[in-house]
Amino acid sequence: MKTVKHTIALLALAVCAGAGAASAQPQGEPDGIPVTRMSRMRVFSDPQQFEQQSKLQYSQLLSEAQQKQALVPANHPQVLRLRAIAKRLIPYATRWNPEAARWQWEVNLLNSKQVNAFCMPGGRIAFFSGILTQLNLTDDEVAIVMGHEIGHALREHGRERAAKSEATNLVGKLAGAGLSAWLGVDPRLTGAATNAAAQLTVLHFSREEETEADMVGIDLAARAGYDPRAGIALWEKMGAVSQGQGQPLPFLSTHPSGDSRIAEMNKNMALVLPVYARAKGVNPNALPAYRTSAVATR
Ligand SMILES: [Zn+2]
């Protein structure tokens, strides 16, 4: 009887209104990618409990990485660089999810050959050094990757996924077994240099979620003054490096083919380029071509 009551209470709390925000913009001003409503499906009605768990998981990951000397120190130039880029993107996150104003953002770099990055719900970001070195990312491209991962967290893709699977097995999952899915860890983390990272359960996002994360990514980047065309360069680079290695990069194995993403980004470039030009204070028609950096494709 007690279990039944518990279930009903959880279900009642599970359905909360999704957040949809449209920022007021003077007419005629470029306004980037339009914000759509998020799914109304929500589980883990207790945001504080969820926040605590996410925080704990992230700090466990960091401390295990530190023990294995895989946590890059805070004064390392690449950590400073990642944090500087995050600082420019973060002010625009609330457009996509007003709750982000209360997130405790963190950015860390894990020393691993993996071409990977993720953002947990609540704004806890980690990059693997492999994505910076193997893809020789420019700042614009880092902003695109970071914006994409932040996009998954902002749009609560992990939560939505968990909510859908939860519907059939709510109580059992909430007992702890399904908790790791809540991390919203984006790409496959198997074979990671850190055990902690490997232990994180993988969450595969749908194609729609990937597209939305791409759109949030180019929108955040453009507002922060990073060239959204870097998104196209990034996926081209990812494909070239994969081909050179004779096997797909881990990031690609969980992310649908570059070609369709590039097409989708190109389709929306006209919406974000004027926003980027405004951020840079230049005429949209006078933007120089995007310049990427070379990568070793062997
Ligand atoms: Zn993704």
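Definitions and limits used
- Residues numbered from 1 in each chain as written.
- Predicted model: local features only at pLDDT ≥ 70, side-chain atom pairs only at ≥ 80, totals over all residues.
- Heavy atoms only, no water.
- Helix = DSSP H or I, 4+ residues; strand = E, 2+ residues; numbered from the N terminus.
- Buried < 20%, exposed > 50% of the residue type's maximum accessible area, 1.4 Å probe, protein only.
- Contact = heavy atoms within 4.5 Å.
- Phe/Tyr/Trp six-rings, centres within 6.5 Å; stacked < 30°, edge-to-face > 60°.
- Lys NZ or Arg CZ within 6 Å of the ring centre and 35° of its normal.
- Pairing = 2+ DSSP bridges.
- Expected span 1.5 Å × (residues − 1).

Labelled according to an unreviewed UniProt entry, the protein appears under the name Peptidase family M48, originating from Rugamonas rubra.

Participant: Which parts of the structure should I look at to understand the environment of Val142?
Facilitator: For Val142, the location among the structural elements is in helix α5 (residues 139–154). Overall, Val142 belongs to the buried group, its relative accessible area being 0%. The spacing of Val142 and Leu132 is 10 residues in sequence and 7.8 Å in space, taken between C-alpha atoms. With near-sequence residues (within four places) excluded, Val142 lies in contact with Arg81, Leu82, Ile85, Phe127, Leu132 and Leu137.

Participant: Any chance you could explain the packing of aromatic side chains here in plain terms?
Facilitator: For any pair of aromatic rings, the description consists of the separation of the ring centres together with the inter-plane angle of the planes. Taken as a whole and judged by the stated rule, the model has 2 aromatic pairs. With a centroid separation of 5.2 Å and 45° between ring planes, the pair formed by Trp103 and Trp105 is classed as tilted. The ring centre of Tyr226 lies 3.9 Å from the NZ or CZ of Arg88, which sits over that ring.

Participant: I'm lost on the pairing of strand β3 (residues 124–128) in this one. Help?
Facilitator: Residues in a regular strand project their side chains so that they alternate between the two faces of the sheet. With 5 of 5 residues buried, β3 lies mostly within the body of the structure. Across the two faces of β3 the burial is the same, with Arg124, Ala126 and Phe128 and Ile125 and Phe127 all buried. Pairing analysis gives 4 bridges linking strand β2 (residues 117–120) to β3, with the strands arranged antiparallel. Bridged to Ala117 within β3 is Phe127. Count of turn residues in the β2/β3 antiparallel hairpin: 3 residues, of which Gly122 carries a positive phi of about 100°.

Participant: Is there a simple way to explain helix α10 (residues 230–245) in this structure?
Facilitator: Side chains that are three or four residues apart share a direction in an α-helix, a result of its 3.6 residues per turn. Taking 1.5 Å of rise per residue, the 16 residues of α10 would be expected to cover 22 Å, and the 22 Å separating its terminal C-alpha atoms lies within 8% of that figure. Listed as buried for α10 are Ala230, Gly231, Ile232, Ala233, Leu234, Trp235, Lys237, Met238, Val241 and Ser242. Taken from the residues just after α10, Gly246 is the one with a positive phi, measuring 75°.

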